[in-house]
Amino acid sequence: MNSILIKKGRVIDPSQGLDDILDVYISNDIIKQIAQNINRKASLIIEADHLIVAPGLIDMHTHLREPGREDEETIYSGTRAAAAGGFTSICCMPNTRPICDSRTNIKYIHSRNLELGVVNIYPIASITVGQVGEEIVEFGDLVDAGAIAFSDDGLPVMNAEIMRRALEYTSMFDVPILDHCEDRNLASEGVMHSGYIQSLLGLPGIPGAAESTQVARDVELVEFFGGRLHICHISIGASVHLIRRAKKRGVNITCEVTPHHLTLIDALVKETNFDTNTKVKPPLVSEENRQELLRGLQDGTIDVIATDHAPHTAKDKDKEYVDAPFGLIGMETAVPVILTDIVHTGVISVNQMIEKMATNPARILRLDKGTLKIGTTADVTLLDPDKRHTIKSTAFYSLSRNTPFEGKKCKGAVDTTIVGGNVIYSKGKIVSDEER
Amino acid sequence: MIFQHKHLLTLEELSREEIELILENAKGFKEIFTRSIKKVPTLRGKTVVNLFYENSTRTRTSFEIAAKRLSADVINFSVSTSSVQKGESLLDTVHTIEALGSDFIVMRHSCPGAPQLLARRIKSAVINAGDGPHEHPTQGLLDAFTIKEMKGGFEGLNVVILGDITHSRVARSNIWALTKLGAKITIAGPSTLLPKSFARLGVRICTDLREAIRDADVINLLRIQLERQRKNLFPSIREYTLLYGLTEERLKWAKKDVLIMHPGPINRGVEISPEVADGKHSVILRQVTNGVAVRMAVLYLLSGGEEA
């Protein structure tokens, strides 16, 4: 019988208000006991006196690129990158080739993951057929097949009537619509945040209003027509204000932010002399906007930290700034970056971090995850909050290297990732199938 | 003083002293133009490659003449007939050019930052001949040279840059050079074409032409491009000319000895009336001549300033 005893770790589980030095006993794939000084035999004992024992982290916004762009990422590489980043569950966006808009696509992802993956994948299907913003997908059939949410991420639904119908219709199934808020006319050909730095560099700008006007629209749509709405990767102070006010009125709305928007600003485009690893949507914004994101994170306006892991090959990124694709990878840097720049600096506590990276994603997606409750599947992430290291993209399990955090000195790392009672990642390495 | 830069990418990154050094050297090179043999052996055996991803006959020709007067070999790499048309990337193209033996690559490109990408990756000296709306350093230098030649200096001068500032590399390079040299800058034009955040550079922003050019010592006009109108940045060329077209009548609002400059090519009857373009205040053709001297100075200083 496969069993794990994690000794004397600081067990933090916001889902049951737990924060104490405790032992955790896992048998088969289930969390069996959490108590002080558990005296049981186990096939593996982990001494965790310097570690934080958290529910397995959930990344509710990733791009796995399979099927279609297996040179950028695959289910094999992406799930290993996830495990190395402490994520035991990830939600993949539908903008693959073909677009994930039918039962077949969901089934394909599930079967590939069963064969090759090492973490749980919860696919997100598109809102409209082919993500072209015209015809809604078969939401009911997709939910039945395993779609956890719906999003036209990257090519947001501009037509408010279609978004209205999607919200109304999906309310039957209690699944969220995840909206990448960007007015495509305002954003136009823009490649970086409009403002002082952008004006100096002469790059085409994306005004902050491209995001906030869509957030305002979405708030109104949910308020009028119902449904559940989650706003992806907010980046603008105005969006934080709109969502804060909407939540106070009781509007059914949640939102996420990425580690890069919390820690980097538009000035980096200039400082790096137009490094295309600073090119992302939404773009890196001004320091004033970043400060509003930090406030939103603190007061709970922002529910979730998600990576928007978006792999691109060096060939595609090694281009003129305007021609390079948008997107950064983030699964293997999220925990170190958040611990270093957001937790150790006192913006939020490590408990809040776990809430935003495990508890809240599970709540929003109605997953029986993100918790260490007795009897649940043993998805556990051990964090080493004081470990000092330097981010090196050559060590990534992701197939891509497009990170803006190369060479960053960090305090805090993922120590061990346990998925379904199996140690998948430990001390810098994915555990091979034979060892498992 | 030695010029420390390997490339000329922006005027933002140059100090006042470095800009003055280039202008001083340009003055020396301009004297050569009056000789019967307008050529010096400074860059003999060096190869200058003009790599223009956007058409610009005047800038390319100016660099070509500048390099030839320094005895360099000049290759004009024509993008429209090259492998770029077959989908070759910028870096692959440039690596090929370098393998052929270039010492300088003079590049015009529509994307801001494209010269920075080259400078990171190749051994040749890179001269930015305009990167999208970002910078056009040699234009900023030749404008500064022309102002100095005509006005003697920069302290306290009121320079107005009039037109589409948002999309203008000339405006940005002029702002950097002239503010470093001590001039006071006003940017003027329709509100949709003025970056408001430029106020942080100490630049005055003005949408009223009369207000903008009152007390102007220099008015630098920018070419207004029709494609901007298509994006609704202003309603029509007609309205632009009504509000901002510089006529002899309106020129009276400025100082009596105001200089009229334009990087060309000019739109006669749009941003500038023919009378003003050809009038006594205009130094537009002088700018063209000075461009050669300034580009000679830049090539010379980037080569290490040897064999002067």
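Residues numbered from 1 in each chain as written. Chains lettered and ligands numbered in written order. Predicted model: local features only at pLDDT ≥ 70, side-chain atom pairs only at ≥ 80, totals over all residues. Heavy atoms only, no water.

Trainee: Hey, could you go over the overall build of chain A for me, with residue numbers and the actual values?
Mentor: For chain A, the count of helices and strands is 14 helices and 19 strands. For a compact globule of 436 residues, the expected C-alpha radius of gyration is about 22 Å, and chain A comes in at 21 Å, within 12% of that figure. Seen through its C-alpha atoms, chain A measures out along the principal axes to roughly 65 × 50 × 45 Å. Every one of the 436 residues in chain A was classed for burial, and the buried ones make up 61%. Residue pairs at least 24 apart in sequence account for 74% of intrachain contacts in chain A once pairs closer than 6 positions are excluded. Charge-centre separation for chain A: the mean point of 46 positive side chains lies 4 Å from the mean point of 59 negative side chains. (Helix = DSSP H or I, 4+ residues; strand = E, 2+ residues; numbered from the N terminus. Rg over C-alpha atoms; globule rule 2.2 N^0.38 Å. Buried < 20%, exposed > 50% of the residue type's maximum accessible area, 1.4 Å probe, protein only. Contact = heavy atoms within 4.5 Å. Lys, Arg positive; Asp, Glu negative; His and termini not counted. Charge placed at Lys NZ, Arg CZ, Asp CG, Glu CD.)

Trainee: Give me the lowdown on the interface of chain B and chain A, citing residues and values where you can.
Mentor: Facing the 21 residues of chain B at the interface are 17 residues of chain A. Taken over both partners, the interface formed by chain B and chain A buries close to 1600 Å², and the fraction arising from carbon and sulfur atoms is 57%. Contact with chain A buries area across many residues of chain B, yet Cys111, Pro112 and Arg120 of chain B alone supply 24% of it, more than any other trio. The interface formed by chain B and chain A contains two salt bridges. Aspartate 318 of chain A is the partner of arginine 121 of chain B in a salt bridge, and the nearest nitrogen-oxygen pair spans 2.8 Å. Contributions of two or more residues to the side of chain B that touches chain A are made by helix H3 (90-99), helix H4 (114-121) and helix H6 (169-181) of chain B. (Buried area = accessible area lost by both parts, 1.4 Å probe. Salt bridge = Lys/Arg side-chain N within 4 Å of Asp/Glu carboxyl O.)

Trainee: I'd like to hear about the sheet that holds strand S1 (residues 47-52) of chain B, residue by residue, with values.
Mentor: All names here are of chain B. The sheet built from four strands is open, its strands ordered S2-S1-S3-S4 with parallel pairing. Both outer strands of the open sheet, strand S2 (73-78) and strand S4 (125-131), are each paired with one neighbouring strand and no more. Geometrically, the sheet is characterised by an average inter-axis angle of 15 degrees between neighbouring strands, direction not taken into account. For S1 and S2, the ladder comprises six bridges, and the chain directions are parallel. Bridge pairing in S2 places threonine 47 opposite aspartate 73. Across the sheet, H4 touches strand S3 (104-109) and S4, and the angle it forms with S4 is around 170 degrees. (Pairing = 2+ DSSP bridges. Axes fitted to C-alpha atoms, helices over the stretch in contact; angles between N-to-C directions.)

Trainee: Tell me what's going on with the environment of serine 15 of chain B, and back it up with residues and numbers.
Mentor: By the secondary structure assignment, serine 15 of chain B is in the segment before helix H1 (16-32). Judged by its relative accessible area of 27%, serine 15 of chain B falls in the partly exposed class.

Trainee: Explain the pairing of strand S8 (residues 218-221) of chain B to me, and be specific about the residues and the numbers.
Mentor: All names here are of chain B. The two faces of S8 match: Val218 and Asn220 on one face and Ile219 and Leu221 on the other face are all buried. Strand direction decides the pairing type here: strand S5 (residues 158-162) and S8, joined by four bridges, are parallel. Note that in S8 the partner of leucine 162 across the bridge is leucine 221. Strand direction decides the pairing type here: S8 and strand S9 (residues 259-261), joined by three bridges, are parallel.

Trainee: Help me get a handle on the packing of aromatic side chains, residues and values and all.
Mentor: Each aromatic ring pair is characterised by the separation of its centres together with the angle its planes make. Under the definition given, this model contains eight aromatic pairs over all chains. On the basis of an interplanar angle of 40 degrees and a centroid distance of 6.0 Å, the ring pair of phenylalanine 224 of chain A and phenylalanine 225 of chain A is categorised as tilted. Classification of phenylalanine 224 of chain A by relative accessible area gives exposed; the value is 63%. For the pair tyrosine 240 of chain B and tyrosine 244 of chain B, a centre-to-centre distance of 5.4 Å together with 40 degrees between the ring planes defines the contact as tilted. Taken as a pair, tyrosine 240 of chain B and tyrosine 244 of chain B lie in helix H9 (residues 237-244) at a separation of four residues, close to a single helical turn. (Phe/Tyr/Trp six-rings, centres within 6.5 Å; stacked < 30°, edge-to-face > 60°.)

Trainee: Summarise the domain arrangement of chain A; cite the residues concerned and give the values.
Mentor: Residue and element names in this part refer to chain A. As assigned here, chain A comprises domain 1 (3-53 + 378-386 + 409-430) and domain 2 (55-365). Just the C-alpha atoms count here: the centres of domain 1 and domain 2 sit 29 Å apart. Opposite the 25 residues of domain 1 that make contact, domain 2 presents 25 residues. When domain 1 packs against domain 2, the two sides together hide about 1900 Å² of surface, and 69% of this comes from carbon and sulfur. At the junction of domain 1 with domain 2, the criterion picks out ten residue pairs in polar contact (both at pLDDT 80 or more). Listing elements by their share of the side of domain 1 that touches domain 2, those giving two or more residues are strand S1 (3-13), strand S16 (380-390), strand S17 (409-419) and strand S18 (422-426). Take the side of domain 1 that touches domain 2: its biggest share by element is nine residues, from S17. Classifying every residue of the side of domain 1 that touches domain 2 by side-chain character gives 14 nonpolar, four polar and seven charged. (Domains from an automatic or database assignment. Polar contact = N/O pair within 3.5 Å; in protein donor to acceptor, adjacent residues only side chain to side chain. Nonpolar A, V, L, I, M, F, W, Y, C, P; charged D, E, K, R; others polar.)

Trainee: Describe the sheet that holds S8 of chain B, with residues and values.
Mentor: All names here are of chain B. Spatially, S7-S6-S5-S8-S9 is the arrangement adopted by the five strands of the open sheet, whose pairing is parallel. The sheet terminates laterally at strand S7 (204-206) and S9, the two strands that pair on one side only. Across the sheet, the mean angle separating the axes of adjacent strands is 20 degrees when strand polarity is ignored.

Trainee: Which residues make up H4 of chain B, and what values go with them?
Mentor: Residue and element names in this part refer to chain B. Most of H4 is tucked away, with six of its eight residues classed as buried. Every buried residue of H4 is accounted for by Ala114, Pro115, Gln116, Leu117, Leu118 and Ala119. In this fold, the buried residues of H4 make contact with H3, S3 and S4.

Trainee: Please provide a residue-by-residue account of the layout of surface pockets, values included.
Mentor: Residues and elements named next belong to chain A. Of the voids in this model, the second largest pocket is the one considered here, and its volume is about 610 Å³. In terms of lining residues, the second largest pocket is bounded by 26 residues, among which Arg65, Asn95, Gly154, His312 and Phe326 are the most central. Of the residues belonging to the lining of the second largest pocket, the class tally is seven nonpolar, eleven polar and eight charged. (1 Å grid on protein atoms, 1.4 Å probe; cavity = no way out; pocket = protein on both sides within 12 Å on 5 of 7 lines; lining within 4 Å. Points joined across faces, edges and corners; volume = space filled by probe spheres on them.)

Trainee: An account of helix H7 (residues 209-225) of chain A is requested, with residue identities and associated values reported.
Mentor: Residue and element names in this part refer to chain A. The end-to-end C-alpha distance of H7, which contains 17 residues, comes to 23 Å, matching closely the 24 Å that a straight helix rising 1.5 Å per residue would cover. All of the buried residues in H7 are Ala210, Glu211, Ser212, Gln214, Val215, Arg217, Asp218, Val219, Leu221 and Val222. Immediately downstream of H7, the backbone of glycine 226 shows phi near 80 degrees, a positive value. (Expected span 1.5 Å × (residues − 1).)

Trainee: Go over the state of the cysteines, please, and point to the residues and values.
Mentor: Tallying each qualifying case throughout the model produces zero disulfides over all chains. We note that cysteine 255 of chain A lacks a disulfide partner, and the nearest cysteine sulfur, in cysteine 181 of chain A, lies 9.9 Å from it. (Disulfide = S-S within 2.5 Å.)

Trainee: Report on the confidence of the model for chain B, specifying residues and quantitative values.
Mentor: Mean pLDDT for chain B: 94, with 97% of residues reaching 70 or above. Across the interfaces of the predicted complex, the ipTM metric reaches 0.93, alongside a pTM of 0.95. (pLDDT = per-residue confidence, 0-100.)

Trainee: Go over the pairing of S16 of chain A, please, and point to the residues and values.
Mentor: Residue and element names in this part refer to chain A. Two elements, strand S5 (residues 52-55) and S16, share four bridges in a ladder whose sense is antiparallel. For isoleucine 52, the partnering residue across the bridge sits in S16 and is leucine 383. Summarising the sheet, S16 and S17 pair through eight bridges and their orientation is antiparallel. Among the inter-strand pairings, histidine 389 is bridged to a residue of S17, identified as cysteine 410.

Trainee: Can you break down empty space enclosed by the protein residue by residue, with the values?
Mentor: Residue and element names in this part refer to chain A. All told, the structure shown has three cavities of 30 Å³ or more when counted by the stated rule. Contributing to the lining of the largest cavity are 15 residues, with Ile206, Pro207, Glu211, Pro282 and Pro283 lying nearest its centre. Residue classes in the lining of the largest cavity are distributed as eight nonpolar, four polar and three charged. Here the second largest cavity is characterised by a volume of approximately 60 Å³. Class assignment of the residues belonging to the lining of the second largest cavity gives a composition of two nonpolar, seven polar and three charged.

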